[in-house]
Amino acid sequence: MRSVLILFFLVLYSIVSLPLYLYVYLLGKINPAKKRIIAQKIVVGAFKCVMAIGGVKVHAIGLENIPDDQPVLYVANHRGFFDILAGYSTVPNPTCFVSKKELRKVPCINHWMKFLKCLFLDRSDIKAGMKTILKGIEQMKDGYSIFIMPEGSRSKTKEMLPFHDASFKFAQKTGYPVVPVAIMNSDEAFEKHLPWVKPAKVTIYYDKPFYIKDLDKEDQKHVGQYARNIIKENLDKISEGVLE
């Protein structure tokens, strides 16, 4: 029933968002900065509605660890669809998400993602992937944080997939900090019950940021594994009830 209601909401949202899309588009011609703020509020509102309908509650921990004076690179594990909703509805600063290139072709959603300066990454095309990374670096320099899941695709087991070191180029080239993000239980909302959405409590923990330049040479060389270890440790702490 919840899945049907969410589907109905998404269809309704697609219709209602058309005039909103036009409004935000025209606003961008006058005030690009305000366009970004309004677009983010609209998308976050939609995400919160989807989670409310699905009975999915998000418990965010560690928001005080996020710097408020500069952009950051959020790196998170990937368990399921609700990772994106949990992340985007809790980040406190203007943030661009990195997603698969396939979402560029999804009607309605792709327009809002472009408004939010989201990045579409094609991992199968090295040249196109590099262009995306360079674009993201420029956006960070313009004051936007970036949220990426370095596994590349969601893990279907309890073990995380290896983290792609290339995902950290955004922080390496800008000098901005990396914030490890541990997401627990998001697959309980959807992936474990396909095609049904079930009530779940998703925990998302934002750890203290680190600067890649401050790591020793070995960790700089394998920064993906370094961040993965931090996230794994935090996931264990969440499971044990240490982080609440």
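What you see is a predicted model; the values in this text were computed from it and never measured.

## With respect to the layout of surface pockets
Where empty space is left can be seen by rolling a probe of water-molecule size over the atoms.
Logical step 1: Within this model, the second largest pocket holds a volume of roughly 380 Å³.
Logical step 2: If you go around the second largest pocket, you meet 16 residues; those closest to its centre are Arg79, Lys158, Met184, Leu235 and Ser239.
Logical step 3: Those elements giving two or more residues to the lining of the second largest pocket turn out to be strand E6 (178-184) and helix H8 (223-239).
Logical step 4: The biggest single contributor to the lining of the second largest pocket is H8, with five residues.

## Comments concerning H8
Logical step 1: Along its 17 residues, H8 runs 25 Å from first to last C-alpha, staying within 8% of the 24 Å computed at 1.5 Å per residue.
Logical step 2: Considered for burial, the residues of H8 that qualify are Val223, Gly224, Ala227, Arg228, Ile230, Ile231, Asn234, Leu235 and Ile238. Down the axis of H8, the sector holding all buried residues measures 160°, keeping them to one side.
Logical step 3: Buried residues in H8 make contact with strand E2 (73-76), helix H6 (169-174), E6, strand E7 (200-206) and helix H7 (217-221).
Logical step 4: Where H8 terminates, the next one or two residues include Gly241, which has phi positive at roughly 80°.

## Some points on a nonpolar patch on the surface
Logical step 1: Together, Leu7, Phe8, Val11, Leu12, Ile15, Val16 and Leu20 give the surface a local cluster of nonpolar side chains, amounting to about 660 Å² of exposed area.
Logical step 2: Within the secondary structure, Val11 sits in helix H1 (residues 2-30).
Logical step 3: Accessibility expressed as a relative area gives 47% for Val11, which makes it partly exposed.

## As for the side chain of Ser167
Logical step 1: Residue placement: Ser167 occurs in the loop between strand E5 (145-148) and H6.
Logical step 2: Dropping the residues within four chain positions of it, Ser167 is found in contact with Leu73, Arg123, Ile148 and Pro150.

So, how was this worked out
- Residues numbered from 1 in each chain as written.
- Predicted model: local features only at pLDDT ≥ 70, side-chain atom pairs only at ≥ 80, totals over all residues.
- Heavy atoms only, no water.
- 1 Å grid on protein atoms, 1.4 Å probe; cavity = no way out; pocket = protein on both sides within 12 Å on 5 of 7 lines; lining within 4 Å.
- Points joined across faces, edges and corners; volume = space filled by probe spheres on them.
- Helix = DSSP H or I, 4+ residues; strand = E, 2+ residues; numbered from the N terminus.
- Expected span 1.5 Å × (residues − 1).
- Buried < 20%, exposed > 50% of the residue type's maximum accessible area, 1.4 Å probe, protein only.
- Arc of directions from axis to C-beta.
- Contact = heavy atoms within 4.5 Å.
- Patch = residues over 30% accessible without salt bridge, like charges linked within 9 Å, V, L, I, M, F, W, Y side chains within 5 Å.
- Areas by Shrake-Rupley, 256 points an atom, 1.4 Å probe, with all protein chains shown as cover.
- Salt bridge = Lys/Arg side-chain N within 4 Å of Asp/Glu carboxyl O.

All we've got here are geometric facts, nothing functional implied.
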